[in-house]
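Tertiary structure, described
Next come the chains, spelled out residue by residue.
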Amino acid sequence: MRQFAVIGLGRFGITVARALSKKGFQVIVIDSDEEKVRIASEFTTVAVQLDATDANSLQKVGLKDMDVAIVAVGEDISASILVTMICKDMGIPMVISKATDPLQGKILAKIGADRVVFPERDMGERLAESLASPGIFDFISVSKDYSIIEIAAPKAFCGKNLGEVNLRAKYGVTVIAIKHKIPGIDEAGEPTFSEEIGIAPTSKDEIAKGDTLVVLGKVKDVERLKGII
Ligand code: ATP
């Protein structure tokens, strides 16, 4: 099972650590603040209080054996740079660093972060997208050129299969999953809906009313597709 280190227990770091622990992963958390370490020790495998800019201390807690390190030490860019570099130097295969602005992001990517995340920006974009168009349930920026959106299947698509709808030819985008709502009844006799997800659908997969399409494509093509929703 993959092992994770979360360095920096601000709101973002502690949320990531808690969610990974809940999923049953082994998580080592590190922070210089004693109280934050104490709180995180209640739900993580190992919680250590230390200054993460000290490479020797990180070495001692076995950080080099981690598969993924999440660096979320806050707005102090020099600490983020140093900790990211130490993690990469140790040979951790995937180092994910949190940035608060594009310049920070560029620097962190340049010095070796495998992935840079901008939680405030990304969440803001996703919220704005979902509010701007009620048919768009979610939006993820994959890179500068590509994004993924979740859209309610337009009426015109329902009852057709992916081959007939042919989004790849018409919009240059790929449907990577179809989510179906499965109606049911709970113990109290109330109607319920569970979700079934069909990953990597083929051209023969049919779109039904109420389905959600998860679509990957170039930003400009995804924008064109949004025009028909
Ligand atoms: P958010 O709370 O939204 O994640 P943020 O990025 O501003 O915001 P902070 O709340 O400042 O993050 O949290 C950063 C955490 O990183 C703090 O708990 C702080 O103690 C810890 N931290 C900062 N520098 C170091 C360091 N050198 N070594 C270990 N922990 C550090």
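Residues numbered from 1 in each chain as written. Predicted model: local features only at pLDDT ≥ 70, side-chain atom pairs only at ≥ 80, totals over all residues. Heavy atoms only, no water.

Contacts to the ligand come from 17 residues, most closely from Arg11, Asp31, Asp51, Ala52 and Lys98. A distance of 3.0 Å separates an oxygen atom of the ligand from a polar backbone atom of phenylalanine 12. One nitrogen or oxygen atom from the side chain of aspartate 51 is found 2.9 Å from a nitrogen atom belonging to the ligand. For the ligand, the protein covers 78% of the area, taking 640 Å² as the surface of the free molecule. Residues of the shell around the ligand, tallied by class, amount to six nonpolar, five polar and six charged. (Near = heavy atom within 4 Å. Polar contact = N/O pair within 3.5 Å; in protein donor to acceptor, adjacent residues only side chain to side chain. Areas by Shrake-Rupley, 256 points an atom, 1.4 Å probe, with all protein chains shown as cover. Nonpolar A, V, L, I, M, F, W, Y, C, P; charged D, E, K, R; others polar.)

Here we come to the pairing of strand 1 (residues 3–7). Summarising burial for strand 1: four of the five residues are buried, a large majority. Bridge analysis of strand 1 against strand 2 (residues 26–31) gives five bridges, and the strand direction is parallel. Bridged to phenylalanine 4 within strand 2 is valine 27. Between the parallel pair strand 1 and strand 2, the chain is carried across by helix 1 (residues 11–22), and the sense of this crossover is right-handed. In this sheet, strand 4 (residues 68–71) lies alongside strand 1 in parallel orientation, the contact comprising four bridges. Along strand 4, the bridge assignment pairs isoleucine 7 with valine 71. (Buried < 20%, exposed > 50% of the residue type's maximum accessible area, 1.4 Å probe, protein only. Helix = DSSP H or I, 4+ residues; strand = E, 2+ residues; numbered from the N terminus. Pairing = 2+ DSSP bridges. Right-handed = clockwise from strand over helix to strand, strands pointing away.)

It is worth spelling out the pattern of salt bridges at this point. Scanning the entire structure with this criterion turns up eleven salt bridges. With a closest N to O distance of 3.7 Å, arginine 224 and aspartate 221 form a salt bridge. Residue arginine 224 and its partner aspartate 221 are located together in helix 9 (residues 219–226), separated by three residues, close to a single helical turn. Assessed through its relative accessible area of 9%, aspartate 221 is described here as buried. One salt-bridge network, held together by shared partners, links Glu35, Arg38 and Glu42. (Salt bridge = Lys/Arg side-chain N within 4 Å of Asp/Glu carboxyl O.)

Next up on the list: the packing of aromatic side chains. All chains considered together, the criterion is met by one aromatic pair. Cation over ring: arginine 121 sits above phenylalanine 118, and NZ or CZ is 4.1 Å from the ring centre. (Phe/Tyr/Trp six-rings, centres within 6.5 Å; stacked < 30°, edge-to-face > 60°. Lys NZ or Arg CZ within 6 Å of the ring centre and 35° of its normal.)

This brings us to the domain arrangement of the protein. With domains assigned, the protein is organised as domain 1 (3–117) and domain 2 (122–228). Of note, the centres of domain 1 and domain 2, computed from C-alpha atoms alone, are 33 Å apart. (Domains from an automatic or database assignment.)

For the α-helix, the turn length of 3.6 residues means that residues three or four positions removed from each other point alike. With twelve residues, helix 1 extends 16 Å between its outermost C-alpha atoms, agreeing within 8% with the 16 Å of an ideal straight helix rising 1.5 Å per residue. Restricting attention to buried positions, one finds in helix 1 the residues Gly13, Ile14, Ala17, Leu20 and Ser21. One side of helix 1 holds all its buried residues, which, seen down the axis, span an arc of 130°. Among the exposed residues of helix 1, those pointing more than 90 degrees away from its buried face are Arg11, Thr15 and Lys22. Next to the buried residues of helix 1 lie strand 1, strand 2, helix 2 (34–41) and strand 4. (Expected span 1.5 Å × (residues − 1). Arc of directions from axis to C-beta. Contact = heavy atoms within 4.5 Å.)

The next point concerns the packing of helix 4 (residues 77–89) against helix 5 (residues 102–110). When two helices pack together, their arrangement is given by the angle between their axes and by how far apart the axes lie. Remark: helix 4 packs on helix 5, axes separated minimally by 10 Å, with the N-to-C direction vectors making an angle of 20°. One element, helix 4, and the other, helix 5, form an angle in the roughly parallel class. Here the hand of the crossing between helix 4 and helix 5 comes out right-handed. Along its contact with helix 4, which presents Ile77, Ser80, Ile81 and Thr84, the element helix 5 presents Gln104, Ile107 and Leu108. By residue class, the composition of the contact of helix 4 with helix 5 is four nonpolar, three polar and no charged. (Axes fitted to C-alpha atoms, helices over the stretch in contact; angles between N-to-C directions. Parallel < 35°, antiparallel > 145°, perpendicular 65-115°, else oblique. Left-handed = near helix turned anticlockwise from the far one by under 90°.)

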